[in-house]
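# Fold and geometry: a report
The residues making up each chain are set out below.
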Amino acid sequence: MMLECNSRTEEMKRERGNEVMRKYKCAVCGYVYNEAAGIPGKGIAPGTNWDDVPSNFLCPVCKAPKSMFKPVD
Ligand SMILES: [Zn+2]
């Protein structure tokens, strides 16, 4: 039977399509970067992963560097 194989493929598809959008919080001022929202005004499109945010990104509120942001649960 191929049933087991099929259900495994479905499972992988589901994981792929279900990419979690995370949030990152500025440890200095508490500003939260939301991957799903991005910062269109700063040229960061909605849906941009934190890893894809430029390393020279600065907090729009307090100008803290990207390294000061911590993941939010
Ligand atoms: Zn900040």
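Let me sum up the structure you'll find in this document. (Residues numbered from 1 in each chain as written. Predicted model: local features only at pLDDT ≥ 70, side-chain atom pairs only at ≥ 80, totals over all residues.)

Once that is clear, we can look at the overall build of the chain. Per the secondary structure count, the chain includes one helix and three strands. Across the chain, helices and strands are ordered from the amino to the carboxyl terminus as α-β-β-β. Each of the 73 residues in the chain was classed as buried or not, and the buried ones make up 7%. Sequence separation of at least 24 residues holds for 50% of the intrachain contacts in the chain that already meet a minimum separation of 6. (Helix = DSSP H or I, 4+ residues; strand = E, 2+ residues; numbered from the N terminus. Buried ≥ 20, exposed ≤ 12 C-beta atoms within 10 Å, placed from the backbone. Contact = placed C-beta atoms within 7 Å.)

Below, the discussion takes up the pairing of strand β1 (residues 23-26). For β1 and strand β2 (residues 32-34), the ladder comprises three bridges, and the chain directions are antiparallel. Across the sheet, the residue bridging to Tyr24 is Tyr33, located in β2. (Pairing = 2+ DSSP bridges.)

Let's shift gears to the environment of Ala36. Relative to the elements of secondary structure, Ala36 occurs in the loop between β2 and β3 (69-72). Along the primary structure Ala36 and Pro46 are separated by ten residues, whereas in three dimensions their C-alpha atoms are 5.3 Å apart. Apart from the residues lying within four places of it in its own chain, the contact partners of Ala36 are Met21, Pro46 and Gly47.

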